[in-house]
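# Tertiary structure, described
Listed below are the residues making up each chain.
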Amino acid sequence: MTSPLPLAERYERFRDSVFGGLAEAPPREWDDALCEIDVQSLWFAGEFGAEFTSTEGRRILVRDFGVWNAGPGPDFTGCAVEIDGATLRGDIELDPDVRDWERHAHGANADYNRVVLHLFLHAPEGVRVFTRDAGHREIAQVRLTPAMLDGDARPALELAAARLGRCATPLREMDDAHVASMLEASAQYRLQKKSVRLHAWVAAQGREQAVFQALAVALGYRNNQRPFLILAQRLPRKRLARLPAEAREALLFGASGFLESVRAEDTQPATRAYLRALWSGWWKQRDECLRWMEPHNALRWKLAATRPGNHPQRRLGALAAMLAAWKKIAAPLLDATRWSQTGWRETLLALGHDFWTTHYTLLSAPSPKPLALIGETRVQEMLANVAYPLLVPERTRLWAEYLELPAMLDNQKVRRAVLRLFGESPRAREFQKKLHHQQGLLQVYEDFCLEDDSACAGCPFPERLKEWR
Ligand code: SF4
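Residues numbered from 1 in each chain as written. Predicted model: local features only at pLDDT ≥ 70, side-chain atom pairs only at ≥ 80, totals over all residues. Heavy atoms only, no water.

## Concerning the nonpolar core
In this structure, W43, L117, L144, L215, L333 and W344 are the most contacted members of the largest nonpolar core, which totals 137 residues. Here the element with the most residues in this core is helix 5 (residues 176-205); it accounts for eleven residues. Counting only domains with at least three residues in this core, you end up with domain 1 (48-148) and domain 2 (223-374). Contact partners of L215, with chain neighbours within four places excluded, come to M322, W326, I329, L333, W344, M382 and V386. (Core = buried A, V, L, I, M, F, W, Y, C linked by side-chain atoms within 4.5 Å. Buried < 20%, exposed > 50% of the residue type's maximum accessible area, 1.4 Å probe, protein only. Helix = DSSP H or I, 4+ residues; strand = E, 2+ residues; numbered from the N terminus. Domains from an automatic or database assignment. Contact = heavy atoms within 4.5 Å.)

As structure tokens, then:
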């Protein structure tokens, strides 16, 4: 049972009233950087929702998102879709263009005879394209649009210019209590948005799988969140839980593509035994994952400018260690009444791994000293992006606990927001001490600075600030 968060509502009202008189934003277009598997990941996470209207005006309800298919045939199998009140069990295919169904000859391929829903992003203007299977049965179609996605699921926007903004003057004139209350409200609004997204995942995949996905994403840092999410979606926790620990880790590393990209002769002697163990587990499971090995389906890891300690191979080792201690890690997130920040933090900080506690990557030499598998910063990230967004709406007194969380290491976006809103004033330090300060600043920055294309001149925020009482 979740409760509305009053400060979040207040901020949302304020923000909406500021933009109320302005022209409506133009409809968003699909981002070219988003590839097919990114859209499949968004779909499978439930981020487009579960209720749609088909191209023919029929009511579509997705009851079960099924399994992300690793073999030949449609993208998702074992799904349940309700169409005008009748439940159909079968598969779902997602194509960039409605015409891809025929271009790829799915209509003549019996593997696609169980498809009950065809999803697509683009269609030709003014031409109706039908989807039919090999038996000429017409298949319901839904067009996915960027407007169906919540803001957080859309591609990241650029940074705003690095300079003091016009709102710095009215902010200077506001007393500390009002600035603090605005940042607390905008932080709560941000937490609520994260919560809505997590609960969409829960609705699509169940709570435990949603928690698994969210924790995997937190291991991806900024650059590798999407590949970690896709890996956790393709290898759901339930499937991994059925495997012995060695086979589970082998599957994670094999399906990630990391094993196949490393030659044993390039590795350190100490790594070879670990690689051998991973390969012996991976060979037995590889055939079930062949589709994910194809170049256009493979995960796209970003390794440039990644610090060795944050390398996704090491973080995947951390995910394997988390799965070994899963019950202890998941239990407080599955039931808000069992939450203990201290206990959860200690569980994560105590995780270790025979290989990854002393290695940065599969190619690196062993480190002379053990390295924390999951350090304080990562725990903070998981608290901020997973634990509290999931739990606060269910147990609102945890908001007071959230307010006490110290600030995380700053990032470029936080620095930019501080510079624009506070410049070099003492408030720049004062309002960066806590995590919620940073989150609140980021929210204002995203809502106003990133929506502004007038170099502050046309931004309504400075004039409307006095209404924040
Ligand atoms: S765009 Fe608006 S909120 Fe951002 S710095 Fe300029 S005046 Fe301030």
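Additional details are given in the paragraphs that follow.
## Some remarks on the domain arrangement of the chain
By a frequent convention, interface size equals the accessible area lost on bringing the separate parts together. Domain boundaries in the chain define domain 1 (48-148) and domain 2 (223-374). On a C-alpha basis, the centres of domain 1 and domain 2 stand 33 Å from each other. Each partner contributes residues to the interface: domain 1 has eight residues there, and domain 2 has eight residues. Both sides together, the interface formed by domain 1 and domain 2 hides about 590 Å², and carbon and sulfur atoms give 50% of it. For the pair domain 1 and domain 2, the number of links is one salt bridge. Residues D75 and R291 are paired through a salt bridge, measuring 2.5 Å at the closest nitrogen-oxygen approach. (Buried area = accessible area lost by both parts, 1.4 Å probe. Salt bridge = Lys/Arg side-chain N within 4 Å of Asp/Glu carboxyl O.)

## Considerations on the packing of helix 6 (residues 207-219) against helix 15 (residues 376-391)
Close contact between helix 6 and helix 15 brings their axes to 9 Å; oriented N to C, the two are set at 150°. Looking at the two axes, helix 6 sits roughly antiparallel to helix 15. Along this stretch, helix 6 crosses helix 15, giving a crossing that reads as right-handed. Each of R207, V211, A214, L215, A218 and L219 in helix 6 lies in contact with helix 15, whose residues at this interface are R378, E381, M382, V386, L390 and L391. When its residues are assigned to classes, the contact of helix 6 with helix 15 shows nine nonpolar, no polar and three charged. (Axes fitted to C-alpha atoms, helices over the stretch in contact; angles between N-to-C directions. Parallel < 35°, antiparallel > 145°, perpendicular 65-115°, else oblique. Left-handed = near helix turned anticlockwise from the far one by under 90°. Nonpolar A, V, L, I, M, F, W, Y, C, P; charged D, E, K, R; others polar.)

## As for the packing of helix 6 against helix 12 (residues 312-324)
The N-to-C vectors of helix 6 and helix 12 enclose an angle of 150°; their axes lie 9 Å apart at closest approach. Taken together, the axes of helix 6 and helix 12 lie roughly antiparallel to each other. Read as a crossing pair, helix 6 and helix 12 show a hand that is right-handed. Contacts from F212, L215, A216 and L219 of helix 6 reach helix 12 at R315, A318, L319, M322 and L323. A breakdown of the residues in the contact of helix 6 with helix 12 according to their chemical character gives eight nonpolar, no polar and one charged.

## Side note on the side chain of N224
Within the fold, N224 resides in the loop between helix 6 and helix 7 (225-234). Judged by relative accessible area, which is 3%, N224 ranks as buried. Those residues within four positions of N224 in sequence are excluded, and the remaining contacts are R300, W301, K302 and P312.

## Notes on the packing of aromatic side chains
The description of two aromatic rings rests on the distance between their centres and on the angle between their planes. Under the defined criterion, the tally for this structure stands at 25 aromatic pairs. Residues F44 and F76 carry aromatic rings whose centres are separated by 5.1 Å and whose planes lie at 20° to one another, so their mutual orientation is stacked. With F44 in helix 2 (residues 36-44) and F76 in strand 4 (residues 76-83), the pair connects residues that are 32 residues apart, well separated along the chain. The pair formed by F44 and F76 is uniform in burial state, with each residue classed as buried. Here the aromatic cluster, defined as three or more aromatic residues joined through ring pairs, consists of W339, W344, Y388, W399 and Y402. The side chain of R378 reaches across the aromatic face of Y221, ending 3.4 Å from its centre. (Phe/Tyr/Trp six-rings, centres within 6.5 Å; stacked < 30°, edge-to-face > 60°. Lys NZ or Arg CZ within 6 Å of the ring centre and 35° of its normal.)

## Some remarks on the environment of R315
Tracing the backbone shows R315 in helix 12. With near-sequence residues (within four places) excluded, R315 lies in contact with L219, Y221, F228, G309, N310, L373 and I374. Polar contacts involving the side chain of R315 include one to the main-chain carbonyl oxygen of L373, which spans 2.8 Å. (Polar contact = N/O pair within 3.5 Å; in protein donor to acceptor, adjacent residues only side chain to side chain.)

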